[in-house]
Amino acid sequence: MMRTAGRTHPNVEVIAPGIHFVQTPLVNWTVLSGDGTLTLIDAGYPSDLRRVSRVLDDVGGELTTVLITHGHSDHIGAVRGLLAEWPDAAVLASADELPNVTREVTHQVGVQDLLPSLWRPSVMAWTARAIAAGGLADVGVPDPRPIEPGREHRFSGHRVIPVLTPGHTPGHLMYWLPDHGVLVSGDGIVTGHPTSREHGPHVLASMFNHDDPVAHASMATVLDELPVEVLLPGHGPWLRLG
Ligand SMILES: [Zn+2]
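Scoring rules and cut-offs
- Residues numbered from 1 in each chain as written.
- Predicted model: local features only at pLDDT ≥ 70, side-chain atom pairs only at ≥ 80, totals over all residues.
- Heavy atoms only, no water.
- Helix = DSSP H or I, 4+ residues; strand = E, 2+ residues; numbered from the N terminus.
- Rg over C-alpha atoms; globule rule 2.2 N^0.38 Å.
- Contact = heavy atoms within 4.5 Å.
- Areas by Shrake-Rupley, 256 points an atom, 1.4 Å probe, with all protein chains shown as cover.
- Lys, Arg positive; Asp, Glu negative; His and termini not counted.
- Charge placed at Lys NZ, Arg CZ, Asp CG, Glu CD.
- pLDDT = per-residue confidence, 0-100.
- Donors = N, O, S within 2.8 Å, 3.2 Å for Na, K, Ca; no water.
- Tetrahedral: all angles 85-135°; square planar, octahedral: opposite > 155°, others 65-115°.
- Buried < 20%, exposed > 50% of the residue type's maximum accessible area, 1.4 Å probe, protein only.
- Arc of directions from axis to C-beta.
- Phe/Tyr/Trp six-rings, centres within 6.5 Å; stacked < 30°, edge-to-face > 60°.

**So, the overall build of the protein**
- Secondary structure summary: the protein contains seven helices and 14 strands in total.
- Here the C-alpha atoms of the protein give a radius of gyration of 16 Å, agreeing with the 18 Å that 2.2 N^0.38 yields for 242 residues.
- Taken along its principal axes, the extent of the C-alpha atoms in the protein is 50 × 40 × 35 Å.
- The long-range fraction of contacts in the protein, counting pairs at least 24 apart against all pairs at least 6 apart in sequence, stands at 64%.
- Working note: accessible area of the protein is about 10,200 Å², and carbon and sulfur atoms make up 54% of it.
- Computing the positive centroid from 15 side-chain charges and the negative centroid from 26, the protein places the two 8 Å apart.

**Description of the confidence of the model for the protein**
- Per-chain confidence: the protein averages 92 in pLDDT, with 96% of residues scoring 70 or above.
- With pLDDT under 50 throughout, residues 1-10 is counted as low confidence; its partners more than four residues away or in other chains account for 25 contacts.

**A closer look at the coordination of the zinc ion**
- Only H70 (NE2), H72 (ND1), H168 (NE2) and D187 (OD) from the protein reach the zinc ion as donors, at distances of 2.1 to 2.2 Å.
- Here the zinc ion binds four donor atoms, and the angle range of 91 to 172 degrees at the metal identifies the geometry as irregular.
- For the zinc ion, the single-chain donor residues occur in sequence as H-x1-H-x95-H-x18-D. Note that H70 is positioned in the loop between β6 (62-67) and α2 (73-76) and D187 in the loop between β12 (182-186) and α7 (212-225), a separation of 117 residues in sequence. For the pair H70 and D187, one class covers both residues: buried.

**Considering helix α1 (residues 49-59)**
- Among the residues making up α1, those that are buried are V52, S53, V55 and L56. Along α1, the residues classed as buried sweep out an arc of 160 degrees about the axis, all on the same side. Structural note: α1 exposes R50 and D57 on the side pointing more than 90 degrees away from its buried face.
- Considering only its buried residues, α1 is in contact with β2 (12-16), β3 (19-23), β4 (28-34), β5 (37-41), β6 and α3 (79-85).
- Just downstream of α1, G60 is the residue with a positive phi angle, here 90 degrees.

**Considerations on the environment of V52**
- Among the structural elements, V52 can be located in helix α1.
- The spacing of V52 and G200 is 148 residues in sequence and 26 Å in space, taken between C-alpha atoms.
- Setting aside residues no more than four positions away along its own chain, V52 makes contact with W29, L40, A43, A78 and L82.

**Some details on the packing of aromatic side chains**
- Scanning all chains against the criterion turns up one aromatic pair.
- Note on W126 and F208: the rings are 5.3 Å apart at their centroids and 85 degrees apart in plane angle, and the pair reads as edge-to-face. In this pair, W126 is assigned in helix α6 (residues 121-132) and F208 in the loop between β12 and α7, connecting sequence segments 82 residues apart.
- Judged by relative accessible area, W126 falls into the buried class, the value being 8%.

Structure follows, in structure tokens:
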């Protein structure tokens, strides 16, 4: 059962009861609310901290959980700042992704990977904006915990099933909300990116992916196996699938 999305805030779309989607020009995140608690799925760039905090305040409730799709700086950037405000919140990611989240390792596109494409104005402009947003900052999260993929969990009153979807990073997770047919797809499936003119569900350009063929296989498997009605991607607008 999906409703037409309504607006409660200039940046927030209510996708279904208790599911709030925030799209910014550079990256998106999702807030789940219910039972008086809040669950944040991804946390933007370091420079998004105030924006994320304001959305949490607007939705209202105690932040108890931060679910991470993957440990890139535009998805975990505000986590450390949020933990200063909500020290008891648990930060969860797949076991395979934890080294990326703590920054023991960094499977992320760097300036050297972008060099062959920097002649393109869109790539040059995006790189400058990403760096200004804190894309090269130290964003390691001190104590993330593993969450088991494929098993049903409950967060802020919602059934949530993490889906292991490697490729973009080794331990990328999407989060499936079966009660509303909503898939929070992180960077495993996007619908747009400032460096691309591609629309609709797709995989990011290969330079952004740890293992490009595996990323494509993960997207195909998920769309084949899950009855997705609404896609909430890490980049680009949310999308209702026919
Ligand atoms: Zn990413």
